[in-house]
Amino acid sequence: MQPWQTALTFGDVLDAHVRQRPEKLALAGVNGQTVTFGQMNQRINRLYHGLSARGVQTGDRVAILSYNRPEYLEVFGLSKAGLIIVPLNWRLAAAELLRLLSHSGARVLLAEASFVPLVETLREQLPGLEVLVVLDDGTGTSDLSQTVEAAETSGAPESAAAPALSVLTGWLPYESLAARGDDAEPPFVPGHTMCCVSSIPVAPREPPRA
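Residues numbered from 1 in each chain as written. Predicted model: local features only at pLDDT ≥ 70, side-chain atom pairs only at ≥ 80, totals over all residues. Heavy atoms only, no water.

Draft legend 1. Quick peek at the pattern of salt bridges. All chains considered together, the criterion is met by eleven salt bridges. A salt bridge links Arg19 to Asp15; the shortest N-O distance between them is 2.9 Å. Here Asp15 and Arg19 lie together in helix H1 (residues 10–20), a separation of four residues that amounts to about one turn. Accessibility expressed as a relative area gives 66% for Arg19, which makes it exposed. Across the pair Asp136 and Arg69 runs a salt bridge, and its minimum N-O distance is 2.8 Å. You can see Asp136 sitting in the loop between strand E6 (131–134) and helix H6 (144–154) and its partner Arg69 sitting in the loop between strand E3 (61–65) and helix H3 (70–77), a full 67 residues away along the chain. Taken individually, Asp136 and Arg69 each receive the classification buried, so the pair is uniform in this respect. (Salt bridge = Lys/Arg side-chain N within 4 Å of Asp/Glu carboxyl O. Helix = DSSP H or I, 4+ residues; strand = E, 2+ residues; numbered from the N terminus. Buried < 20%, exposed > 50% of the residue type's maximum accessible area, 1.4 Å probe, protein only.)

Listed below in structure tokens is the structure:
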């Protein structure tokens, strides 16, 4: 039996693949682009160190508000270093997102550009939310494999950060963290919780009538 077949968390699965077959396919895009486990792990490490440099540490909650996209898996990969991932349903209303972010104690939020205006309406009510990261430039055309290739050949895709920085005050562009910087392995925290699940209270049901 292979190590990844007995893994308990996503961090365990990723670690097993990276150690035994880093060159194997991890992600494939609809246009035929591919990313290996080794490449994905490298980006996760850079993302971790970028957040760590901003005070994020083991046990902190990292929320993500996004549609399905490759970066979602990268964020979940942070669980290998003991960060607790808080996935947010993009269908939720502002009040529901506020309750979940407050209840989970999220310190970091990564969001697609299309959700930034919504998040901005909540920021004053979330004093514990210290690090904000935008996943794209608002065009929805972010492509992980192209970013990986650009980072490996030129060091960093500088142009990827420009649109976000010029429009979104206080938001870090995701690629400024994941496509450059320190890619050394962070301290591994085996078996750490991958997700923090927060519930939304509902009104109690009336007792059945006799």
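The rest of the description comes next.
Draft legend 2. Looking closely at the nonpolar core. Counting residues in each nonpolar core, the largest one holds 29 residues, and the members touching the most others are Leu51, Val62, Val75, Leu78, Leu110 and Tyr174. Counting residues per element, the ones that place at least two in this core are H1, helix H2 (37–52), E3, H3, strand E5 (106–111), E6 and helix H8 (174–178). Ignoring sequence-local partners within four residues, the contact set of Val62 consists of Val75, Leu78, Leu83, Ile84, Ile85, Val86, Val108 and Leu110. Membership of the second largest hydrophobic core comes to 22 residues, among which are Leu65, Leu100, Leu101 and Val119. (Core = buried A, V, L, I, M, F, W, Y, C linked by side-chain atoms within 4.5 Å. Contact = heavy atoms within 4.5 Å.)

Draft legend 3. A look at the sheet that holds strand E4 (residues 84–88). Strands sit in the order E4-E3-E5-E6-E7 across an open sheet of five strands; the sheet is parallel. A single partner strand is all that each edge strand has here, and the edge strands are E4 and strand E7 (172–173). Two elements, E6 and E7, share two bridges in a ladder whose sense is parallel. Among the inter-strand pairings, Val133 is bridged to a residue of E7, identified as Leu172. In the packing of H3 onto the sheet, contacts are made with E3, E4 and E5, and the angle to E4 comes to roughly 150°. Relative to E4, helix H4 (residues 94–104) is tilted by about 170°, and along the sheet it contacts E3, E4 and E5. (Pairing = 2+ DSSP bridges. Axes fitted to C-alpha atoms, helices over the stretch in contact; angles between N-to-C directions.)

Draft legend 4. Structural view of the packing of aromatic side chains. Going through the model one piece at a time under the given rule, you end up with three aromatic pairs. Between Tyr67 and Phe115, the ring centres sit 5.1 Å apart and the planes meet at 45°, which makes this aromatic pair tilted. Here the residue Tyr67 occupies a position in the loop between E3 and H3, and Phe115 occupies one in the loop between E5 and helix H5 (116–120), the gap between them amounting to 48 residues. For Tyr67, a relative accessible area of 34% translates into the label partly exposed. Geometrically, the ring pair formed by Tyr72 and Phe76 is tilted, given 5.6 Å between the ring centres and 45° between the ring planes. (Phe/Tyr/Trp six-rings, centres within 6.5 Å; stacked < 30°, edge-to-face > 60°.)

Draft legend 5. Fine view of H2. For H2, built from 16 residues, the straight-helix expectation of 22 Å at 1.5 Å per residue is met to within 8% by its first-to-last C-alpha distance of 22 Å. The buried fraction of H2 amounts to twelve of the 16 residues, a majority that puts the element mostly inside the structure. Three or more residues of H2 are buried, namely Phe37, Gln39, Met40, Asn41, Arg43, Ile44, Asn45, Arg46, Leu47, Tyr48, Gly50 and Leu51. (Expected span 1.5 Å × (residues − 1).)

So, to be careful, I would describe these as geometric facts and stop short of saying anything about function.
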